Structures are given as structure tokens and as C-alpha cells.
Amino acid sequence: MALNVTDLRVYYRTLRGEVKALDGVTFSVADREIMGLAGESGSGKSTLAKSLIRLDGRMRHVGGTVELDGAAMPLSDDGAMDEFRFRKVSLIPQYSMSALNPTRKIGKMVGELLESRGERADRAELERRLELVGLSKDVLDRYPIELSGGMKQRVVMVVSTLLNPSLLIADEVTSALDVSSQKAVATTLLGFRDHGLVTSMMVVTHDISLVYQIADTIMVMYAGRLAEKAPAEVLVTAPRHPYTRQLIAALPEVGVRYEDRRLTGIPGSPPSLLKPPGGCRFRDRCPLAFDRCAEQPPFAEVAPGHHVACWKAE
Amino acid sequence: MTTARREALHFALRNRKLVVGAIIVAVFLVAGLAGPLLFDHGPNDYVGPAMAPPSGEFWFGTTTFGQDVFAQFVYGLRSTFLVGVLGGVLAAVVGMVVGFVAGYRGGWVDELLTMLTNIVLVLPALVVLLIVNAYLGVRSIGVQALFIGLTSWPWAARAIRAQTFSLRSRDFVDLARLSGVRTPKIILREIAPNMSSYLFLTFILLFGSAILIAASLDFIGLGPTEGVSLGLMLNNAARWSALQLGLWWWFIPPGAGITAIVGALYVMNVGLDEVFNPKLREM
Amino acid sequence: MLKLDGVSKIYRVGAFGGRELKAVSDVGFEVGEGEVVSLIGESGSGKSTLGRMILRLASVSSGTITLDGRDISSIKDRKEYYRQVQGVFQDPFSCYNPVFRADRVFSTIKEQYFPRVGADEWRTRVEAALESVRLDPGNVLGKYPHQLSGGQLQRMLIARAVLLDIRLLVADEIISMLDVSTRIDVLNLLADLRARGLGILFVTHDLSLGNYVSDRTVVLRKGKIMEMGRTDLVFGNPAHPYTRSLLASVPRLHAKWTDAVVEEVPCAYHEAPEDSRTRPGLAEVENDHYVACAGCAGSKIKETA
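Calculation criteria
- Residues numbered from 1 in each chain as written.
- Chains lettered and ligands numbered in written order.
- Predicted model: local features only at pLDDT ≥ 70, side-chain atom pairs only at ≥ 80, totals over all residues.
- Heavy atoms only, no water.
- Helix = DSSP H or I, 4+ residues; strand = E, 2+ residues; numbered from the N terminus.
- Rg over C-alpha atoms; globule rule 2.2 N^0.38 Å.
- Contact = heavy atoms within 4.5 Å.
- Buried area = accessible area lost by both parts, 1.4 Å probe.
- Salt bridge = Lys/Arg side-chain N within 4 Å of Asp/Glu carboxyl O.
- Axes fitted to C-alpha atoms, helices over the stretch in contact; angles between N-to-C directions.
- Parallel < 35°, antiparallel > 145°, perpendicular 65-115°, else oblique.
- Left-handed = near helix turned anticlockwise from the far one by under 90°.
- Polar contact = N/O pair within 3.5 Å; in protein donor to acceptor, adjacent residues only side chain to side chain.
- Nonpolar A, V, L, I, M, F, W, Y, C, P; charged D, E, K, R; others polar.
- Buried < 20%, exposed > 50% of the residue type's maximum accessible area, 1.4 Å probe, protein only.
- Phe/Tyr/Trp six-rings, centres within 6.5 Å; stacked < 30°, edge-to-face > 60°.
- Lys NZ or Arg CZ within 6 Å of the ring centre and 35° of its normal.
- Patch = residues over 30% accessible without salt bridge, like charges linked within 9 Å, V, L, I, M, F, W, Y side chains within 5 Å.
- Areas by Shrake-Rupley, 256 points an atom, 1.4 Å probe, with all protein chains shown as cover.
- Pairing = 2+ DSSP bridges.
- pLDDT = per-residue confidence, 0-100.
- Core = buried A, V, L, I, M, F, W, Y, C linked by side-chain atoms within 4.5 Å.

Within chain C, the secondary structure is distributed over 11 helices and 13 strands. Over its C-alpha atoms chain C spans a radius of gyration of 21 Å, differing by no more than 12% from the 19 Å that the globule rule assigns to 305 residues. Oriented by its inertia axes, the alpha-carbon framework of chain C measures out at about 65 × 50 × 45 Å. The contacts in chain C between residues at least 6 apart in sequence include a share of 65% that link residues at least 24 apart.

On the chain C side, the residues contacting the 16 residues of chain B number 28 residues. Surface buried jointly by chain B and chain C totals about 2000 Å² across both partners, of which 51% is contributed by carbon and sulfur atoms. Looking at the side of chain B facing chain C, the largest losses of area belong to Asp-171, Leu-175 and Leu-178 of chain B, adding up to 32% of the total buried there. Put simply, Arg-189 of chain B and Glu-111 of chain C hold a salt bridge, and the shortest N to O gap is 3.4 Å.

Attention shifts here to the packing of helix α10 (residues 196–219) of chain B against helix α11 (residues 230–239) of chain B. Residues and elements named next belong to chain B. Contact pair α10 / α11: the axes reach a minimum separation of 7 Å and the direction vectors enclose 25 degrees. What the angle tells us is that α10 and α11 run roughly parallel. At the point where α10 passes α11, the crossing takes the right-handed sense. Counting all contacts with α10, which are made through Ala-215, Asp-218 and Phe-219, the residues of α11 involved are Gly-231, Leu-232, Leu-234, Asn-235 and Ala-238.

Turning our attention to the environment of His-306 of chain A. Inspection of the secondary structure assignment puts His-306 of chain A in strand β12 (residues 306–308). With 214 residues separating them along the chain, His-306 of chain A and Ile-92 of chain A place their C-alpha atoms 27 Å apart.

Taken together, the contact between chain A and chain C spans 44 residues of the former and 41 residues of the latter. Summed over both sides, the interface of chain A with chain C buries roughly 3800 Å², with 55% coming from carbon and sulfur. Contact with chain C buries area across many residues of chain A, yet Gln-213, Val-254 and Arg-257 of chain A alone supply 19% of it, more than any other trio. At the boundary of chain A with chain C, the tally comes to 0 salt bridges. Summed over the shared surface of chain A and chain C, the number is 8 residue pairs in polar contact (both at pLDDT 80 or more). Breaking the side of chain A that touches chain C down by element, the ones donating at least two residues are α5 (149–160), α6 (179–194), α7 (208–214), α8 (232–237) and α9 (242–249) of chain A. In terms of residues, the side of chain A that touches chain C owes the most to one element, α6 of chain A, which gives 7 residues. Taken together, the residues of the side of chain A that touches chain C break down into 20 nonpolar, 13 polar and 11 charged.

Side chains that carry opposite charge are capable of pairing whenever their charged atoms lie near each other. Residue and element names in this part refer to chain A. In this structure the tally under the stated criterion is 37 salt bridges over all chains. With a shortest N-O distance of 3.3 Å, Glu-127 and Arg-123 are connected by a salt bridge. Linking Glu-127 with Arg-123, this pair stays in helix α4 (residues 123–132), spanning 4 residues, or about one helical turn. On the basis of relative accessible area, Arg-123 is assigned to the partly exposed category, the value being 41%. We note a salt bridge from Arg-142 to Asp-138, for which the minimum N-O separation is 3.2 Å. Each member of the salt-bridge network shares a partner with another, and the members are Asp-7, Arg-9, Asp-23, Arg-225 and Arg-281.

All names here are of chain A. Along helix α3 (residues 106–116), the residues classified as buried are Ile-106, Gly-107, Met-109, Val-110, Gly-111 and Leu-114. Of the surrounding elements, those touching the buried residues of α3 are α4 and α5. Of the residues flanking the end of α3, it is Gly-118, one or two places downstream, whose phi is positive at about 80 degrees.

Here we take up helix α6 (residues 141–151) of chain B. Every buried residue belonging to α6 of chain B is among Gln-144, Ala-145, Phe-147, Ile-148 and Gly-149 of chain B, and all of these are buried. Lining the buried residues of α6 of chain B we find α3 (69–105), α5 (125–135) and α10 of chain B.

Okay, the packing of aromatic side chains next. Enumeration according to the criterion identifies 13 aromatic pairs over all chains in this entry. Measuring from ring centre to ring centre gives 5.9 Å for Tyr-81 of chain C and Tyr-82 of chain C, while their planes differ by 55 degrees; the resulting arrangement is tilted. On the basis of relative accessibility, which here comes to 1%, the residue Tyr-82 of chain C falls in the buried class. A network of ring pairs unites the aromatic residues Trp-59, Phe-60, Phe-70 and Phe-73 of chain B as a single cluster. The lysine or arginine in question, Lys-20 of chain A, covers the ring of Tyr-11 of chain A, its NZ or CZ lying 5.4 Å from the ring centre. The residue whose ring lies beneath Lys-88 of chain A is Phe-84 of chain A, and the NZ or CZ to ring-centre distance is 4.7 Å.

Okay, a nonpolar patch on the surface next. All names here are of chain B. Nonpolar side chains collect at one region of the surface, where Leu-126, Val-127, Leu-130, Ile-131, Tyr-135, Phe-219 and Ile-220 lie side by side and expose about 740 Å² of accessible area between them. Among the elements that take part in the nonpolar patch, α5 stands out by supplying 5 residues, more than any other. Assignment of secondary structure puts Phe-219 in helix α10. Under the relative-accessibility criterion, Phe-219 is labelled partly exposed at 41%.

Looking now at the packing of helix α4 (residues 107–122) of chain B against helix α7 (residues 154–168) of chain B. Residue and element names in this part refer to chain B. For the pair α4 and α7, interaxial distance at closest approach is 9 Å and the crossing angle is 150 degrees. By the criterion of interaxial angle, the relationship of α4 to α7 is roughly antiparallel. Both α4 and α7 take part in a crossing whose hand is left-handed. In contact with Asp-110, Thr-114, Thr-117, Asn-118, Val-120 and Leu-121 of α4, α7 contributes Pro-154, Trp-155, Ala-157, Arg-158, Arg-161 and Phe-165. Split by residue class, the contact of α4 with α7 holds 6 nonpolar, 3 polar and 3 charged.

What follows concerns the sheet that holds strand β5 (residues 71–72) of chain A. Strand order in this open sheet of 4 strands is β2-β1-β4-β5 (chain A), and the pairing throughout is antiparallel. Of all strands in the sheet, those with a lone pairing partner are β2 (17–29) and β5 of chain A, marking the two edges.

Residue and element names in this part refer to chain C. With 94% of its residues at a pLDDT of 70 or more, chain C shows a mean pLDDT of 84. Segment residues 298–305: pLDDT under 50, and 21 contacts once partners within four positions in sequence are set aside and those in other chains are kept. The ipTM value of the predicted complex is 0.78, and its pTM value is 0.77.

Right, let's talk about the nonpolar core for a bit. By size, the foremost hydrophobic cluster in this structure holds 89 residues, and its most contacted members are Phe-29, Leu-50 and Phe-202 of chain C. Top element by residues in this core is helix α6 (residues 150–163) of chain C. It accounts for 8 residues. Not counting residues up to four positions away in its chain, the partners in contact with Phe-29 of chain C are Leu-2, Lys-3, Leu-4, Leu-39, Leu-50, Leu-201, Val-218, Met-228 and Arg-279 of chain C. Among the nonpolar cores identified, the runner-up in size contains 63 residues, and Leu-147, Val-155, Tyr-212 and Val-236 of chain A belong to it.

The structure is reproduced here in C-alpha cells:
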């Protein structure tokens, strides 16, 4: 098993108390698996992505363990995590394509980046990978402003995978892109796994239809906890958690028109994570809620490879 | 109070630079306001023995003419603060008007105002003041403040213009335009409140620099013809060879006073910047 | 109601304004009463520029935009124009001035347009407008923007437009920053407003959203119209290679992307008879379905990424 996360808890410190952004998350990602991590804002998916590589100043690792390829990852120890970053775990952060230094040519930036990590830049390998993602090698001699959004995103993706990490985490890499660029970037991610450049991948997104195209499994998060995890095909056609069901039902598609079928959203809003309610956090908005929901349901396996956190998902 | 303000206050009270700076300035301010009330003689009265070092009666000693240095110091603080406020406010107002209008309107209005700003910026203030001096026999604090105000606004105008440029393309400004709100109101009610922390910082900086400029002008003899100020004290001390005569109590207090006040203001500014800009806070 | 005729927008760029950038080229379409028209395009297509021109936030370089036949740039009193046309933008949080409470957007309207209305009467109107966008007045009045969600803020902006009883709403990417579960609510709201007679120009890059709610669609690319017409015709029977490639790239929930190459078909514009070119640069291939030249000599659609 490539990645094993057990009861991970990461809270944010704020003036008003601790925000329980990630409250007890347990799952695994196998070798050569692409797992999509879907959720809305406040679900904890970005916190999960970030905490697997670096806890920023406001985050606090409260409990739980993470194991990558058998080795425990020291999340709270910034210095010790340095060994893992970029080499074993790599992150493509959100908005990274806007974070390229505008005064540096791409090639120079990559060289400086690798030097700072104590690695030598292998120009031939870099060019080979650029070609693999469909970029010509003279991208290295250009400035970021000369590239389009999709091209910049692919450059960042190549840089993040230069050292063939075991786990690649892609945080909302397609959100700011056009439809055609999204397809190119998503297929690039798929290509990384297929060509063996990365072993496993976690793709964090709010766009389920996009992640369905490339992921093997999809995991849905809600209010800091896991709601459902299933093979992509199963999650999209036969979800069992009420939240997932409503979420899928609220997605407009080409071909579905208002006159034919009026879709409905999910009424209400996610609970505040400062003082989250006890028990199942979806309770207030759930049409199937009953008494037992006051107790948090376990993330149980109801079918092979299909986990759901709901009392009614039998 | 918005949570932003409340949060700002929370950090403000805990920011050491801000608190220490503010306390120093406050001490001098109180001394300047309340101090003169302790005296029954004026700052320039000849009340004691000449060139006497600090003693129980004259805390800061006396000048070559037997004037009470402490009294001069305390009265001097008053005029120093007064010039700082008047000059600073004038510079701030002119800088804001020019900056907002240039930043919001753009186009040829901006070009014109920028040209004006650059001209005033480059103008050698001292030379102009010398010429003005030749025509004005008597100078008062008001004139000095006026002069300082009219020559130190350019850099504030440029900074405010830059900020306004970036704020004006924000959606809520567009929304205000869509609501039919006219330009002056938009500047006043949409743009300025978003820059309030910056405007505050700017004012403090202008206040400090006005004090410094006034002291410098006083020191070289271009200050007000009447009254007393810290810079004037330094001027007198130099003129009457205080350094050579070893009358350290005559020039050290005013020098230290100016340095302390202006330094404290700058440190306050750095602290305020940390308070307002969450990214600078060391948490 | 709203008609664009040969509208173009040229920006001067370069060091001394030497070069020209044509953001919009010769665009013409109409929006009728109670009709939702989608303006679909990727970034750089000029769709937002068109929205801003219609809202008079940007000037028109050439061509005319008319409302009921009147050229909008000739309407001297902007307030009169904004009484009929309003806009809602993409980022709900940046539309609100963060130092003030959210309902200030309503009081600004009151000050500018309804100064003589009494306080109680005004409050009733505001509450009615909020209820018509399915918001509970108690939940949103008196709060600051950061205390409300994106969906609520977006709906308050729509309520603001409803208060003015406008005839045309320009919705510029209003959905993209909302959470998935609230997107559909706002879309349904637009459909309800359409039923009440409001004309809506729905600017978006997301084809599924445009398809869901609009009556007619205009597909833009690099400032020019590629295809336009009734939504079901444009999406069901796309005649332009660009539209087809867009549709092929849209991720669908029940179908994976195919690697099928966009087949090369003859350019629909040039295949159509001369007398079908009823609009400049567009040929009418069926009733209310227009297509532009595919940039002939085969399918010229290269990957833009």
C-alpha cells in the first residue's frame, strides 16, 4: 500500500478557537492508483492535501499518522519532512501557475529550484518530459508571460514530478483553466501515472465530472470528515451516501435542460467547524436523518472497495 | 466594530513596536501640553544664572543668557508638535486629493497631476524658502507649517495614486458605478475606507517628517522669527558656541527630543504596518 | 429589446499605445424580453468585454448597442439606463466593500433611486426582493460580507437588481465561484426570473450551465462569433469545428472522454447557399442557427493550450 492515513486530525488555530478542518480521516491509496478527492469549500480536502506535505503556520497536527511506502511521515516536524518533500511526496499547489516568477525564464527557474533542493538539473530529462506533456523544449527559454494558462500549468506539473515522487498531490489544478486546457491537463496527469513517473496520485477538485474522467477511485469529503469512497464508476452511478447522491444530482450536464428536468441543490450550508455538531455532520441537511445520526457513523466498507459513513447505507 | 477592526485592535495592543513608540510620543506630548503650565516664567525670560548646569532648580540648566532650558524645551515641544500636525495635515490633505483624483480618473487628468507632483518633488525646498524669506520679514509657525505642507505632499500623492489605481478596478467600485454613484462619492465612500490603514500610516509619516523638516529649517535659521522650538534651541546653542563651552545641557535635550519623537513615530509606523498587514505578523 | 450590431472593441497596447488589440470583432446578436442568451467562450474570447460594454463600463469602439432602438451611449443620464440594465459579477466577495455591511448595496440603491420612499416601505420591498431570490431576510440583513456565503452574496446582488425592477441582467460568470450544491439554486433562480419577464445575458465558459438555462446561445472565440442560435440546435447539432471541439472536451458525468479526433467536415459556412448569409460573417444553416466560416482549408482548430 503506497499511502496509509490513519485518523488524521489537523486543526487551524484562529483567534476565535480551533477550526477542526480535518477531524479523523482514515483511508489508503494503493500503488498506481489515482484517487480523486472531491468536496466543496470547507470540506477539508485542501487541508488534507496540504497537510500531507507541509503544515503551514496556522495548522496544527493534532493526531493520527500517515505512512508512505512503509515509512511514517513526521508531519509536525518541518525539518524532517524536508526529506520527503519533492522526492517522495510532491504537491502541485492551487494557483501555482500564477506563482511563476515573471522575471525568470522557465529553464533558469527550474535550475534554481533543483539547486535549492540539492539536486542537479538534467536538461535532457527535462526536455524529454516536456515533450511527454506536449510542450516543445523551447518553453525553457521563455518567460512565464509568454505561455498560456494551460501551458504554465503543465510546466509546473513537469517540475513537480521531476524526481519521480511516490505520491503526487494535485490541488485544484484545473479550476482556472478553459475547457480544452482542462482536458489537456487532466490527460497529462493520467499520462504521468501511465508512464510510471509517479506511483500514485491524489487529485483534489470540486469538479466531480472532471475527476471522473481520470480517477480510479473517488473519495468525497464533507465538513472535515470522509463521506464516501468508491471506484469512480460506482460513485457516479450508484452512490450510497445521501450527500454524494444529492451532489451528483445537482450537477448540470450538456444535454440536460431546465425545461426537461429541473435539478435541485442541497438546502442549507455546511456546519461551522469551530464548534461542529456532534454525530454525523451532514445530519441537519440530510433527508434520511434519524435518531442514530447523533452518533458519528463509522467509515464502513459496505461493498468491496466501497466505504460509506452513513447508518442508512446498507 | 467589524471583526477586522477588532482584530486590528487586538494585535495593536500586543505589538511591542507600536506600544513602545506610542508611549514615547505620548510622554513627550503630555510634557509639551502640560509642561508649560508648571512654569510661571516664559521660555525666553532671563531667570537664572548664566550657563548653569542642570540642578534641582533648573532641571536642564540654563543658557548663556540665563534662560531656563527646561522651560524652553517644554515650550519648544508644543510648537514642534503644532508644526508637525499643521504641516502634516496639510501635506496629507493635498497628497490625498491629488493622489485620489489622479488614480481614479487616469487619462490626461492623471498625466497633468503626475507632472505637477514630479515638479514639486524635484523643487529644492530650501532654495524656495530662502527666496520666500527675502520677501517675508516676519515668519510665524503657521507660515512654516504652510510651507512644509505644500512641499512634502508629493510622495504621499504618488503612493495614494498607486493604491487607488489598484482599488478602482475592483468589482465593488464597478457595482457603485452601476448604482449611479458619482465619482467623488465613490472615492470617499468606497476607495478611501479600504485604504484607511494606509492613509493612517501616511499621516503619521508626514507628521514625523514635518517635525524633522521644521527642526532642520529652524536649525539653519529659517524658522519662525518668534517663539521657541526644539530646532531653534539647537540653532541658538550652535550660535552661542554651546559645544565649545561645554554646555551640553543646552543642545542634547532638544536633539535627543527630536530624535526620540521622530524615531518613535517611525517605529510606530512599522508596528502599525504589522498590525494592518496580517502577513507581516510574527505569530 | 437589446440589440448589438457590428460591435467591436479595440484596445491600444504596447509601450506608447502603438499596437492594437481587437478584443471584440464585429459582434451582433439580440436579447429579447424574458429570454436567456448565453455568451459562451473561453478566456480571451471577449465575452466579458461585451458584458462590460453593455453595462457601459467600457466604451464601444465601433458598432452600436441599442436598447429598444435607442443607442445606449446616447442616453445621457446613466442612472436612467441603470434602472433598466444591471450586472452581477463573478466574484461575490469582491463585489462587496469589505469594510461595510452587506446590505449597504441595498441602501445605496435607495439613496440613488428611491430617496423619497419611507423606511418601512423600503424595508418591505427589500424583504420581498430577498424572498423572491429565496433568501431569508433574517439570515442576511445586518451581516458583513465575510459572514455570508458566496451563494448568499450572489443572490443578494440579484435581489438588488430585482429591487430596481430591471429589464435586462448581465450575469458575468456568476456561477463559477460558487459551491456545486448552490450553483443549481442560482441557475434555477435565473430561470424563475426569466419566467417573470426578465431578459438575461448569461456570460460563461461552462457549457453545461449555458445548456441548462438558456434559450439561445452565442459561441465566441477570440472576439468573433463562431456559432449562434437556439441552444438545442447549437448543442445538439453543432456546425462549427470549434463548437464541436468544445463539446468534445467537456467532462461528462456519465461518459468518459473519447480519443476520437474531431472529424474534418467541410466548412458549413461555405457549404451554405449565398442567400443564407443573412448576418455579417454568418450563414443560416437552419432556422435560427447561424455559423461562421470554419477558417477553411480543413479543420484549423489547434489545441489552444
